[in-house]
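What follows is each chain in one-letter form.
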Amino acid sequence: MKSRSRCSGSFLKTPVIACLVLFLTASLSARAELLIRITEGAGSAIPIAVVPFAESGSMPAGDKVGSIVQADLTMSGEFRPLEPSKMLSLPSERSEVYFRDWRMLGQRYVLVGQLTRNGDRIQARYELFDVNQEKRILGETAAVPASNLRSLGHHISDRVYEAITGAPGVFSTKLAYITVSGEGEQTRYRLQVSDVDGKRSKVRLESREPILSPAWSPDGKKLAYVSFETGKPVIFVHELATGERQKVADFPGLNSAPAWSADGRSLLMTLSRDGNAEIYRMDLASRNLTRLTDHWAIDTEAAWDHADRGIYFTSDRSGGPQIYHMERPGAEPRRITFGSRYNARPRPSPTGDYVYYVHQRDSAFHIARTNLETGEETVITRTGSDESPSVAPNGRLLIYATRQNGEGVLTVVSADGGAAYSLPASEGEVREPAWGPVTR
């Protein structure tokens, strides 16, 4: 399916042999770190006080744990943390919490804690209280190496988020994305991995030729992607810990759109080895291929459904790109989208309630979703050059690529479109996001 963007459409370009610069490493130094801009909050955000944690012993320089938690909860769009400057006191344990003060400040929850340094490790003891009920709803201890305070902050954010909402937090997960910088012969494509807030980014692959469609393995240890480093589109599987790569699809013609099965043993992919773009399943151990579609139209961009039995995919068999669902291999595909002449790049929610996709309305491209029970379609983004949606593992957030003020950025929205923040790169443009799995 030809895409309108340079990034997702480049896998169909005419292959050219070009001078290749390719750098591989398991952990290159951070480049083009993503910034964060909160662009819109939810009107129903929950007020919460994240009190700066008390500290005992020497702490590493940099962001404080409480600040990391506050930023995480803010960017979820579901919470409205109180600024520390407005707090009447700074308690660090239950005996110091005066609920009347927090009620007067309009807070529903308050988080307090203490950090203690023991050699090269830092221990956090934290408690979360329901202000109205004057009741502790979470109390835990966690410890990390002193060099890993950001992971501790994200862990606490996950636990607080789950204690209040009942849904797993995703602040400890990772993002994969492509940054593009330079022009002409100086163009560089970099595959990067970062925290969900854009921090601690690391380059995993760098090339003069396009890199497309990163996809996470279910255990978070590998990425599959398409690289043009040989002058044609080839699918690689990349072991993140070691930097080792395997070329898994290098057939004549198109090799694109990899997507992992839930057990990590196979990949969906689009191949044109038999002359037409069709969807195949590859067993990674044997490299055996099973053809899943067989139609004169272009079938591409497959993704497993939440049950990991059927697939969603894009096809122009109805005259233009639309989303279809095949309940099992060999079943007759059922068309899902009808709201416009262009609907592509399906990404189902982990609960199976919705499927998200790129949707054209007039001359703009948005991210929309269809309720799979009712068929109702809802446009959830307000930007107009949107592509490459990826759903968070808890189904409550969605990341996509778009353009703002002439630059390519990533934007995260709540699944209903009620809150948003953007992640522009500090250098170049950023595109093709993939939200990593929960691995704890």
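Calculation rules
Residues numbered from 1 in each chain as written. Predicted model: local features only at pLDDT ≥ 70, side-chain atom pairs only at ≥ 80, totals over all residues. Heavy atoms only, no water. Helix = DSSP H or I, 4+ residues; strand = E, 2+ residues; numbered from the N terminus. Buried < 20%, exposed > 50% of the residue type's maximum accessible area, 1.4 Å probe, protein only. Expected span 1.5 Å × (residues − 1). Core = buried A, V, L, I, M, F, W, Y, C linked by side-chain atoms within 4.5 Å. Salt bridge = Lys/Arg side-chain N within 4 Å of Asp/Glu carboxyl O.

Caption draft 1: The arrangement of the environment of Gly119 in detail. When you line up the elements, Gly119 lands in the loop between β6 (109–118) and β7 (121–130). Of the residues examined, Gly119 reaches a relative accessible area of 59% and is grouped as exposed. Put simply, Gly119 and Ala146 are 27 residues apart on the chain and 8.6 Å apart in space, counted from C-alpha to C-alpha.

Caption draft 2: Spotlight on helix α4 (residues 149–165). With 17 residues, α4 should reach 24 Å at 1.5 Å per residue; the first-to-last C-alpha distance of 24 Å fits that figure. Every buried residue belonging to α4 is among Leu149, Arg150, Leu152, Gly153, His154, Ile156, Ser157, Asp158, Val160, Tyr161 and Ile164, and all of these are buried. Count one or two residues on from α4 and you reach Gly166, which has phi positive near 85°.

Caption draft 3: Representation of the nonpolar core. Membership of the largest hydrophobic core comes to 45 residues, with the highest contact counts inside it found for Leu111, Leu152, Ile156, Val160 and Trp435. Tallying contributions element by element places α4 first for this core, with six residues.

Caption draft 4: Representation of unusual backbone geometry. Unlike most non-glycine residues, Asp362 shows phi in positive territory, near 55°. Assignment of secondary structure puts Asp362 in the loop between β25 (354–361) and β26 (364–371). By relative accessible area, which is 72% here, Asp362 ends up exposed. Phi is positive for Glu432, which is not a glycine, with a value near 55°. Secondary-structure assignment places Glu432 in strand β32 (residues 429–435).

Caption draft 5: How the structure looks around the pattern of salt bridges. Applying the stated criterion to the full structure yields 21 salt bridges. Here Glu229 ties to Arg245 by a salt bridge, and the two come within 2.5 Å at their closest N and O atoms. Here Arg245 lies in strand β15 (residues 245–249) and Glu229 lies in the loop between β13 (222–227) and β14 (234–239), a separation of 16 residues in the sequence. Assigned by exposure class, Glu229 and Arg245 land together as buried. One salt bridge connects Asp294 with Arg291, and the closest N-O pair in it is separated by 3.2 Å. Residues joined in a network through salt bridges with shared partners are Asp274, Glu278, Arg291 and Asp294.

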